[in-house]
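# Close look at the chain arrangement
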Amino acid sequence: MELEVCVGSSCHLKGSQDVIAELQKILKKYELEDVVTLKASFCLGRCAQGVTVRSDDKLITGFTPENAEDKFLTEIYPFVTF
Ligand code: FES
């Protein structure tokens, strides 16, 4: 599975680098580093709702470092295939 974090200008200003750092920690915590690939993406078209993350074909908006683990566990983790 791939997770793409938007680093377009709007999401960048809203802290996408911090979201990426947090997601790296989360993947490590749940031992998913070999299963989930983390990438950066250009604008995903949801700038007003960023930080935006694409998980396969799904766009998840409103990521912050603080809510990243909750969002990961509810919106991404159930769809991880091992
Ligand atoms: S800059 Fe992230 S969705 Fe547009």
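Preceding block: the structure.
This write-up is about the structure you can find in this document. This one's a predicted model, so the numbers in the text were calculated from it and none came from an experiment. Throughout this description, residue numbers start from 1 for each chain and increase along the sequence as written. pLDDT decides what is reported in this predicted model: residues at 70 or higher carry local features, side-chain atom pairs at 80 or more are listed and counted, and totals for whole chains, interfaces and linings draw on all residues regardless. Derived side-chain values reflect all non-hydrogen atoms in the structure, with water molecules and hydrogen atoms excluded from consideration.

Secondary structure elements are taken from DSSP: a helix is a run of H or I of four residues or more, a strand is a run of E of two residues or more, and numbering for both begins at the N terminus. Helix and strand counts for the protein chain stand at three helices and four strands. Computed over C-alpha atoms, the radius of gyration of the protein chain comes to 11 Å, within 12% of the 12 Å expected from 2.2 N^0.38 for 82 residues, which places it in the range of a compact globule. Only protein chains enter the area calculation, which uses a 1.4 Å probe; residues under 20% of their type maximum are buried, those over 50% are exposed, and those in between are partly exposed. When each of the 82 residues of the protein chain is scored for burial, the buried share is 39%. Summarising the internal contacts of the protein chain: among those between residues at least 6 apart in sequence, 64% fall at separations of at least 24. For the protein chain, the accessible area works out to roughly 4,800 Å², and carbon and sulfur atoms hold 50% of it. We treat Lys and Arg as the positive residues and Asp and Glu as the negative residues; His and chain ends play no part in the count. Where a charge lies is defined by one atom per residue type: Lys uses NZ, Arg uses CZ, Asp uses CG and Glu uses CD. The average position of the 9 basic charges and that of the 13 acidic charges among the side chains of the protein chain differ by 5 Å. Here the globule rule reads 2.2 Å times residues to the power 0.38, and the radius of gyration is calculated from C-alpha atoms. Contacts are assigned to residue pairs that have any heavy atoms within 4.5 Å of one another. Computed by Shrake-Rupley with a 1.4 Å probe, the accessible areas treat only the displayed protein chains as cover when residues are assessed.

Turning our attention to the pairing of strand β1 (residues 2–6). Two faces make up the sheet, and in a regular strand the side chains alternate between them. Of all five residues making up β1, four are buried, and the element is well covered by its neighbours. By the convention used here, strands pair only if DSSP detects at least 2 bridges between them. In the sheet, β1 pairs with strand β2 (residues 37–41) via five bridges, with the strands oriented parallel. Counterpart to L3 in the pairing with β2 is L38. Relative to strand β3 (residues 53–55), β1 is paired through three bridges, and the arrangement is antiparallel. Across the sheet, the residue bridging to L3 is S55, located in β3.

Bringing the packing of aromatic side chains into the picture now. For Phe, Tyr and Trp, rings pair up if their centres lie within 6.5 Å, where Trp contributes its six-membered ring, and each pair is then called stacked (planes under 30 degrees apart), edge-to-face (over 60) or tilted (otherwise). By the definition in use, this model includes three aromatic pairs. Relative to Y77, the ring of Y30 has its centre 6.1 Å away and its plane inclined at 50°; by these criteria the two rings are tilted. With Y30 in the loop between α2 (16–29) and β2 and Y77 in the segment after α3 (68–76), this residue pair connects regions lying 47 residues apart in the sequence. A network of ring pairs unites the aromatic residues Y30, F72 and Y77 as a single cluster. Both a distance and an angle decide whether a charge sits over a ring: NZ of Lys or CZ of Arg must be within 6 Å of the ring centre and within 35 degrees of the ring normal. The ring of F63 has K71 sitting right over it, with the charged end atom 5.7 Å from the ring centre.

Axis angle and axis distance: for two packed helices, these are the angle between their axes and the distance between the axes, and together they describe the pair. Interaxial angles span 0 to 180 degrees and are taken between N-to-C directions of axes, which are lines fitted to C-alpha atoms, for helices over the stretch in contact. Look at α2 against α3: their axes get within 10 Å of each other, and the N-to-C directions meet at 55°. By the angle class used here, α2 and α3 are oblique. Considering how the two elements wind past one another, α2 and α3 form a crossing that is right-handed. Contact residues: E22, L23, I26, L27 and K29 in α2; A68, E69 and F72 in α3. Amino acid classes used here: Ala, Val, Leu, Ile, Met, Phe, Trp, Tyr, Cys and Pro are nonpolar; Asp, Glu, Lys and Arg are charged; the rest, including Gly, are polar. A per-class count over the contact of α2 with α3 returns five nonpolar, no polar and three charged. Orientation categories follow fixed angle ranges, with anything under 35 degrees roughly parallel, anything over 145 roughly antiparallel, 65 to 115 roughly perpendicular, and all other angles oblique. Each crossing gets its handedness from the near helix: less than a right angle anticlockwise from the far helix is left-handed, clockwise is right-handed.

Keep in mind these numbers describe shape, not what the thing actually does.
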